[in-house]
Amino acid sequence: GLGDADVRAGRSALDESAELIARKGDQHERAYLRRLRAQGRTVVDIAAEGDSIDDKVARTLEALRQGADVIYQATLRDGSLVGHADFLRRVDGEPSALGAWRYEVADTKLARSAKAKFLVQLAFYSALLTQAQGAEPRLMHVVLGDQTERAFRCADYMHYYRSLLSRFMARVQALAGGARAGSYPLPVAHCDLCHWRERCEAQRVADDHLCQVANISRIQWGKLEDAGIDTMARLAALPAGTPIPRLNADTLERLRSQAELQDRARRTGQREWLLPPPDPEARRGFHRLPAPDAGDMFFDMEGDPLEDGGLEYLFGVWFRDDGSWTFRPFWAHSRAEERMAFEAFIDFVNRRRERFPGAHVYHYASYEETAIKRLASWHATREAEVDNLLRQRALVDLYKVVREAIRISEPSYSIKSVEHFYRPARAGDVQNAGASIVFYERWRETQDAQLLQDIADYNRDDVESTQQLRDWLLTLRPAGMPWREVVGIAAPQAVNGEAQALTKAQLAEQRLVPYRQRLVDALPAHRAEWTTDQHASELTYQLMDFHR
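Report follows, based on the coordinates. (Residues numbered from 1 in each chain as written. Predicted model: local features only at pLDDT ≥ 70, side-chain atom pairs only at ≥ 80, totals over all residues. Heavy atoms only, no water.)

In this section: the overall build of the chain. The number of helices and strands found in the chain is 18 helices and 13 strands. A buried classification covers 42% of the 548 residues belonging to the chain. Considering only intrachain contacts with a sequence separation of at least 6, the fraction spanning at least 24 residues in the chain is 64%. Per element, the accessible surface of the chain, about 28500 Å² overall, is 51% carbon and sulfur. For the chain, the distance from the average position of its 74 positive side-chain charges to the average position of its 81 negative side-chain charges is 4 Å. (Helix = DSSP H or I, 4+ residues; strand = E, 2+ residues; numbered from the N terminus. Buried < 20%, exposed > 50% of the residue type's maximum accessible area, 1.4 Å probe, protein only. Contact = heavy atoms within 4.5 Å. Areas by Shrake-Rupley, 256 points an atom, 1.4 Å probe, with all protein chains shown as cover. Lys, Arg positive; Asp, Glu negative; His and termini not counted. Charge placed at Lys NZ, Arg CZ, Asp CG, Glu CD.)

Spelled out as structure tokens, the structure:
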């Protein structure tokens, strides 16, 4: 909980999504600790509660000198710099001031791939460790969320790290001396997980910062600030046609119009939308819409990035069946079920498009298309069918249509913001994707069926909203505009043997099914538990389809 001092300082409590991420991070860290202990390594735990930083630094230095195999939650210090490394691991045969060994840093991360910021953090810990042991570590390690580990040579990154540290310390000293230039709470990706996010947001609102303008980039607002346009109100009041150095005139007009809409809405309390001039090249905005069809489907996915390797646990489809709208969920609670749900969804779409050749699958933003490409590749299934859907342009991203065809007086173009213009507010307990993940993780712990029902209701709201958005866009679409060309399902007599090639690909995929069942389907759900033979079994199956 927050203490009185936290409340007075404006410190915010983390929401359930952020708390879930923190809890998952702790579980990942603890699981790695258990693996190290299971290997018979001696572990010294520095993270005893109630100790001061001085005590933790002293205990870490003592553990280094004693040569513990692993030091957990090590605390290192160099002057004003203090770091808390997840793990220090002893490496024998590489001498240091400690003796015939030295240590290397290993940090656990939920992410499934290494990121630049991880390397900066590892370099920071490694630099502190260098001071403590009198020798630079040869490697630094990141243990990823899928239980894999990646190593990086310290020497490849330490020169950049020292340059970065020098610039950082110079800025801190300048701020300590009273200089305020460049010190501002600009929004970053980490804001959602920060205790000070509400305080920072309040300052940006009070200052009317340009970052509040929807779809503006940091580079764009920097150019505007250089020209003296440093608030949303000033941008909104900028006379049309005013040139701004290094900023394209069309881009400037889009940003000015967006700021004007938002500024007027906050003054009047009335939401507005407008239609900018259509794209003369007839490729964007409303030109992306195909003619509506009785077989059209509206699609949304729910995924859990915190599950080992990520898991797409719900494929939701909204469609008209015998004159009434129907919601169909495809659930998956394991890697094997994910493949089966994906196959069932793709088969459902293809059967429906055979019945309605002009039907399309509508979604909002790029996640759904990216996910089905990844699933087809990951599970090596329905690849030909997915390729065919993409070639036929069966997927329609309404987010692109909205961003290019209309402007709204909202600070965001998420579907939750856009739907203010065509439907009443939502009422369910699950209000966003983060809450959906929280509910799903809670279901995994409790098996309470009501939690799955709440997620399904949220997903149904999303797909129904997508259908209502498409219908609203049709009412705004200029009369007489040609529809996007429809590419139908390949007929058996298709030119260049396209249908024949598709059939061959499908047959090849079907021939692999019994081999997948024997070699892959029976493998443990968690890759970290696999033996060498089990890894070889998966590789054997993958090689069977490699040359095709």
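Now for the pattern of salt bridges. Counted according to the given criterion, the structure contains 39 salt bridges. Two residues, Asp69 and Arg90, come together in a salt bridge whose shortest N-O distance is 3.5 Å. Taken together, the positions of Asp69 in the loop between helix H3 (53–66) and strand S2 (70–78) and Arg90 in strand S3 (residues 81–96) put the pair 21 residues apart, joining distant regions of the chain. With relative accessibility at 28%, the residue Arg90 sits in the partly exposed group. Beyond isolated ion pairs, a larger network of salt bridges with shared partners links Arg339, Glu343, Asp347, Arg382, Glu509, Arg516 and Asp521. (Salt bridge = Lys/Arg side-chain N within 4 Å of Asp/Glu carboxyl O.)

Within the secondary structure layout, Phe118 lies in helix H4 (residues 116–133). Through-space distance from the C-alpha of Phe118 to that of Asp107 is 8.6 Å; in sequence the pair is 11 residues apart. Residue contacts for Phe118: discarding those within four places in its chain leaves Lys109, Ala111, Ser113 and Val142.

Disulfide: a covalent bond connecting the sulfur atoms of a pair of cysteines. In total, this model carries zero disulfides according to the counting rule given. Not engaged in a disulfide, the cysteine Cys200 finds its nearest cysteine sulfur in Cys194; these two sulfurs lie 6.0 Å apart. Taking the relative accessible area as the measure of exposure, Cys200 reaches 23% and is therefore partly exposed. A disulfide-free cysteine, Cys211 has its sulfur positioned 9.1 Å from the sulfur of Cys191, the nearest such atom. (Disulfide = S-S within 2.5 Å.)

Okay, the sheet that holds strand S1 (residues 43–45) next. Spatially, the six strands line up as an open sheet ordered S1-S2-S3-S4-S5-S6, and their pairing is mixed. With one partner strand each, in any of the chains shown, S1 and strand S6 (149–153) form the two edges of the open sheet. Across this sheet, the average inter-strand angle for adjacent strands is 45°, counted without regard to direction. In the sheet, S3 pairs with strand S4 (residues 99–108) via seven bridges, with the strands oriented antiparallel. Of the residues in S4, the one forming a bridge with Asp92 is Trp101. (Pairing = 2+ DSSP bridges. Axes fitted to C-alpha atoms, helices over the stretch in contact; angles between N-to-C directions.)

Owing to its 3.6 residues per turn, the α-helix aligns residues three or four sequence positions apart on the same side. Taking 1.5 Å of rise per residue, 13 residues should cover 18 Å, and helix H11 (residues 367–379) covers 18 Å from first to last C-alpha, within 8% of that figure. Along H11, the residues classified as buried are Glu368, Ala371, Ile372, Leu375, Ala376 and His379. What you see down the axis of H11 is that its buried residues fit within an arc of 130°, all on one side. Facing away from the buried side of H11 by over 90 degrees, the exposed positions are Ser377 and Trp378. Looking one or two places after H11, you find Ala380, whose phi comes out positive at around 50°. (Expected span 1.5 Å × (residues − 1). Arc of directions from axis to C-beta.)

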